[in-house]
Amino acid sequence: MAKKKKVKEKPEGLPALFLERLKMIIPEAHWPLIEESFHRKAFISFRLQKEGINPLEVISKLKALNIHATSVDWMPEAFVIPEAELKLLQETEYYLQGQIYVQNLSSMIVPMILNPMPGERILDMTAAPGSKSTQIAKMLHGEGHLYANEKIRNRFFKLKANLESQGYQNVTVSMQTGEIYGRFHPHFFDRVLLDAPCSSEGRFLADNPKTYLYWKPLKIKEMVSKQRNLIKSAIKTLRPGGDNGLFNLYLCS
Ligand SMILES: C[S@@+](CC[C@H](N)C(=O)[O-])C[C@H]1O[C@@H](n2cnc3c(N)ncnc32)[C@H](O)[C@@H]1O
């Protein structure tokens, strides 16, 4: 008799254990905002990836294609568009030729804080699909070197394709486990970005069970241990004596 395929049941609403845990971590006063965030979809944002594109020209050309881009005042070269216009944006030459990069605004902040300087040796330790790596590569203006690393094979190829399509000469892509850097390349990089793998709770949407179907407390435990090892490796691989005597290590998650 053929075996019945196990199908994961659709849960009703966010997992109770997840909410309980969150309530222990986040003060009650912030709850209305937190609850709202589980129902709100992020708007679409993109930034100019190629050097020398005129932002005003982009806005006007997109407008002619019925795409309404608004610039972001605190993030140079970033724009937002209504979610319904994403498909149209993905059909434009700008998008198809890699001249723009669709990326969350919150993600764009990270390389800004990392603040890579031309001439420096930068490691993006867990880099696929490469939104932050492409942004960092642009910020280096061809001077210095970016090492973009990713452990998972298919994600590595996506990262590689993304970076290669930009034609940078000063970027090396590797498929290593991030944990090895501290041991094999101690005190080597001027700055390290560790955008560590996480439980993706920040992406949960109450109305979309796919976003939290596979959540379980064990996953958090696994992630904690993994992130701890990656952080140790990232610290060891940093050259001592960064800006203001602080390590130039940026951690997200
Ligand atoms: C949060 S994502 C990185 C997103 C990326 N920074 C970006 O902005 O496009 C984390 C990545 O780390 C990879 N990863 C997981 N464990 C890893 C490890 N031990 N070493 C290197 N990469 C790892 C995952 O496959 C995933 O692609």
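The structure under discussion appears in the preceding block.
The rules behind these values
- Residues numbered from 1 in each chain as written.
- Predicted model: local features only at pLDDT ≥ 70, side-chain atom pairs only at ≥ 80, totals over all residues.
- Heavy atoms only, no water.
- Axes fitted to C-alpha atoms, helices over the stretch in contact; angles between N-to-C directions.
- Helix = DSSP H or I, 4+ residues; strand = E, 2+ residues; numbered from the N terminus.
- Parallel < 35°, antiparallel > 145°, perpendicular 65-115°, else oblique.
- Left-handed = near helix turned anticlockwise from the far one by under 90°.
- Contact = heavy atoms within 4.5 Å.
- Nonpolar A, V, L, I, M, F, W, Y, C, P; charged D, E, K, R; others polar.
- Pairing = 2+ DSSP bridges.
- Right-handed = clockwise from strand over helix to strand, strands pointing away.
- Patch = residues over 30% accessible without salt bridge, like charges linked within 9 Å, V, L, I, M, F, W, Y side chains within 5 Å.
- Areas by Shrake-Rupley, 256 points an atom, 1.4 Å probe, with all protein chains shown as cover.
- Salt bridge = Lys/Arg side-chain N within 4 Å of Asp/Glu carboxyl O.
- Lys, Arg positive; Asp, Glu negative; His and termini not counted.
- Charge placed at Lys NZ, Arg CZ, Asp CG, Glu CD.
- Buried < 20%, exposed > 50% of the residue type's maximum accessible area, 1.4 Å probe, protein only.
- Core = buried A, V, L, I, M, F, W, Y, C linked by side-chain atoms within 4.5 Å.
- Near = heavy atom within 4 Å.
- Polar contact = N/O pair within 3.5 Å; in protein donor to acceptor, adjacent residues only side chain to side chain.

Another aspect to go through is the packing of helix α6 (residues 105–114) against helix α7 (residues 131–139). The geometry of a pair of packed helices is captured by two quantities: the angle between their axes and the separation between those axes. Interhelical geometry of α6 versus α7 gives an angle of 40 degrees and a closest axis separation of 9 Å. As the angle between them shows, α6 and α7 are arranged oblique. Crossing of α6 against α7: the hand is right-handed. For the pair α6 and α7, the contacting residues are Ser 107, Met 108, Val 110, Pro 111, Met 112 and Leu 114 in the first and Ser 131, Lys 132, Gln 135, Ile 136 and Met 139 in the second. In the contact of α6 with α7, the residues fall into 7 nonpolar, 3 polar and 1 charged.

What follows concerns the pairing of strand β5 (residues 121–124). Sheet topology note: the β5/strand β6 (residues 145–149) ladder contains 4 bridges and is parallel. Along β6, the bridge assignment pairs Arg 121 with His 145. As a crossover connection, the stretch from β5 through α7 into β6 is right-handed. As judged from the 3 bridges shared by β5 and strand β8 (residues 191–195), these two strands associate in the parallel manner. If you follow Ile 122 over to β8, its bridge partner there is Arg 191.

Here we come to the sheet that holds strand β4 (residues 100–102). Taken in spatial order, the 4 strands of this open sheet run β2-β3-β1-β4, and their pairing is antiparallel. The open sheet is flanked by β2 (70–71) and β4, the only strands paired with a single partner. Of the strand pairs in this sheet, strand β1 (residues 44–48) and strand β3 (residues 78–81) are connected by 4 bridges, and their pairing is antiparallel. The partner of Phe 46 across the bridge, within β3, is Phe 79. Strand contacts of helix α3 (residues 55–64): β1 and β3, with the helix running at about 135 degrees to β1, the strand carrying the most contacts. Packed on one face of the sheet, α7 meets β1 and β4 and runs near 30 degrees to β1.

Our next topic: a positive patch on the surface. Judged by side-chain charge, Arg 183, Arg 228, Lys 232 and Lys 236 come together as a positively charged surface patch. For the positive patch, the element with the highest residue contribution is helix α10 (residues 217–237), accounting for 3 residues. Here Lys 236 lies in helix α10. The exposed category is assigned to Lys 236, whose relative accessible area is 51%.

With that settled, consider the nonpolar core. With 14 residues, the main nonpolar core has Ile 122, Ile 136, Leu 146 and Leu 159 as its most contacted residues. Among the secondary structure elements, those contributing two or more residues to this core are α6, α7, β6 and α8 (153–164). Excluding anything up to four places from it in sequence, Ile 136 contacts Pro 111, Leu 114, Pro 116, Ile 122, Leu 146 and Leu 193. By size, the runner-up hydrophobic cluster in this structure holds 13 residues, among which are Phe 46, Ile 53, Ile 67 and Ile 100.

Another aspect to go through is the site of the ligand. Around the ligand sit 22 residues, and of these Ser 131, Glu 150, Arg 155, Gly 178 and Asp 195 come closest. The side chain of Lys 226 places a nitrogen or oxygen atom 3.2 Å from a nitrogen atom of the ligand. For the ligand, the accessible surface in isolation is 600 Å², of which the surrounding protein chains cover 90%. Looking at the shell around the ligand, the elements with two or more residues in it are α7 and α10.

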